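Observations on chain architecture
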Amino acid sequence: MTTSDTKPETPVKTAQTTFRIVEALKELDGATVTAIADRLELPKSSAYNYLKTLEHEGYVVSDGRTYELGLRFLDLGAYARTQKKLYDVGKPELRTVADETGELANLLVEENGYGVFIVRERGSDAVNIDSYTGQCVHLHTTALGKTVLAYLPPERRAQIIDSHGLPAKTDRTITDREPLLDELETIRQQEVAYDREERINGLHCVAVPVFRGDRISGAISVSGPRSRLDEDRIQESILPKLRHAATIIELNQTYS
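Residues numbered from 1 in each chain as written. Predicted model: local features only at pLDDT ≥ 70, side-chain atom pairs only at ≥ 80, totals over all residues. Heavy atoms only, no water.

What about the overall build of the chain?
- Helix and strand content of the chain: nine helices and eight strands.
- Since a compact globule built from 256 residues should have a radius of gyration of about 18 Å, the 20 Å found for the chain is in line with a globular shape.
- Expressed along its principal axes, the backbone C-alpha trace of the chain runs to roughly 60 × 40 × 40 Å.
- Each of the 256 residues in the chain was classed as buried or not, and the buried ones make up 43%.
- Within the chain, counting contacts between residues at least 6 apart in sequence, those at least 24 apart form 58% of the total.
- Each charge class in the chain was averaged separately, 32 positive and 40 negative side chains, and the resulting centres sit 3 Å apart. (Helix = DSSP H or I, 4+ residues; strand = E, 2+ residues; numbered from the N terminus. Rg over C-alpha atoms; globule rule 2.2 N^0.38 Å. Buried < 20%, exposed > 50% of the residue type's maximum accessible area, 1.4 Å probe, protein only. Contact = heavy atoms within 4.5 Å. Lys, Arg positive; Asp, Glu negative; His and termini not counted. Charge placed at Lys NZ, Arg CZ, Asp CG, Glu CD.)

Structure, rendered in structure tokens:
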């Protein structure tokens, strides 16, 4: 996955290769030298040297045959997350939402044209899904991401769509530009977005925006199985809790 929609004028190829190896190790859930070499079309000796360098620097670990990402990335990610004030003020409010709904409460921000989960709080009945804190997702596939897209400047929104496309995650994902733009307009009018099995089959999600001044800073949501997140429960119970949490987060972003 390319993580940025901007291209350097003079890319450093060794740096590009290093990060592509890191991404490949993630996508393959660990890999041998041969697998990395085949994946990136590198000489086996080059793949070996890159992996051993990453291992020496503490970013990769090995059992002698298979290489995996090391926990040093966790240290970097945790540090990067703490640099965002939205994380500090959002986490306690999302914990409250998760406790009150029993479902999964989420906070997502946009970075480099993707959505990044920076808070995920589990309620007592929350389902297990493939998402995790730090995960990057295509914005158009989630209620959170569509909320962010809806409030970005039009030129930025177009740039993201042009760079990253609208790939399908399920047969319900919106993959055409015009229907997506129509939905984003509805989201702006109603200040709420829905994901009805658009990223994960069987999962529904409802999201609201979080602003800092007149700019979108992120979105918060509740997600759960479609059998529990029906329209009545969303409107009567979940949406008021989300909107209350968003108001508190916005105030704390501004005045704390």
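A closer look at the UniProt feature "domain: HTH iclR-type" (unreviewed entry) in the chain
- According to UniProt, the positions carrying the feature "domain: HTH iclR-type" (unreviewed entry) are residues 12-71.
- Split by type, residues 12-71 is 60% helix and 10% strand. Its first and last C-alpha atoms lie 25 Å apart. (UniProt positions renumbered as here; feature names shortened; annotations may be inferred.)

Brief notes about helix 8 (residues 177-190)
- Along its 14 residues, helix 8 runs 20 Å from first to last C-alpha, staying within 8% of the 20 Å computed at 1.5 Å per residue.
- Tucked into the core, helix 8 has its buried residues touching helix 6 (143-151), helix 7 (154-164) and strand 6 (193-196).
- Following helix 8 by one or two positions, Glu191 adopts a phi angle in the positive range, close to 55 degrees. (Expected span 1.5 Å × (residues − 1).)

A closer look at the domain arrangement of the chain
- The domain boundaries assigned to the chain delineate domain 1 (13-75) and domain 2 (84-255).
- Centre-to-centre, using C-alpha coordinates, domain 1 lies 33 Å away from domain 2. (Domains from an automatic or database assignment.)

Describing helix 6
- By the criterion of burial, helix 6 is predominantly enclosed, with eight of the nine residues buried.
- Along helix 6, the residues that are buried comprise Ala143, Leu144, Gly145, Lys146, Thr147, Val148, Leu149 and Ala150.

Details of the environment of Tyr255
- For Tyr255, the location among the structural elements is in helix 9 (residues 231-255).
- The sequence separation of Tyr255 and Gln159 amounts to 96 residues, and the corresponding C-alpha distance is 32 Å.

Focus on the sheet that holds strand 4 (residues 114-122)
- With antiparallel pairing, the six strands of this open sheet are ordered in space as 5-4-3-8-7-6. Strands with a single pairing partner mark the edges of an open sheet, and in this sheet they are strand 5 (136-137) and strand 6.
- Looking at chain direction, strand 6 and strand 7 (residues 203-212) are connected through four bridges and run antiparallel. Within the sheet, the bridge partner assigned to Ala193 lies in strand 7 and is Ala207. (Pairing = 2+ DSSP bridges.)

A few points about the pattern of salt bridges
- In the structure shown here, the tally under the stated rule is 15 salt bridges.
- Measuring nitrogen to oxygen at the nearest pair gives 2.9 Å for the salt bridge that ties Arg233 to Glu103. Taken as a pair, Arg233 in helix 9 and Glu103 in the loop between helix 5 (85-101) and strand 3 (104-111) lie far apart in primary sequence, 130 residues in all.
- It is possible to trace a salt-bridge network through shared partners that takes in Lys91, Arg95, Asp99 and Glu121. (Salt bridge = Lys/Arg side-chain N within 4 Å of Asp/Glu carboxyl O.)

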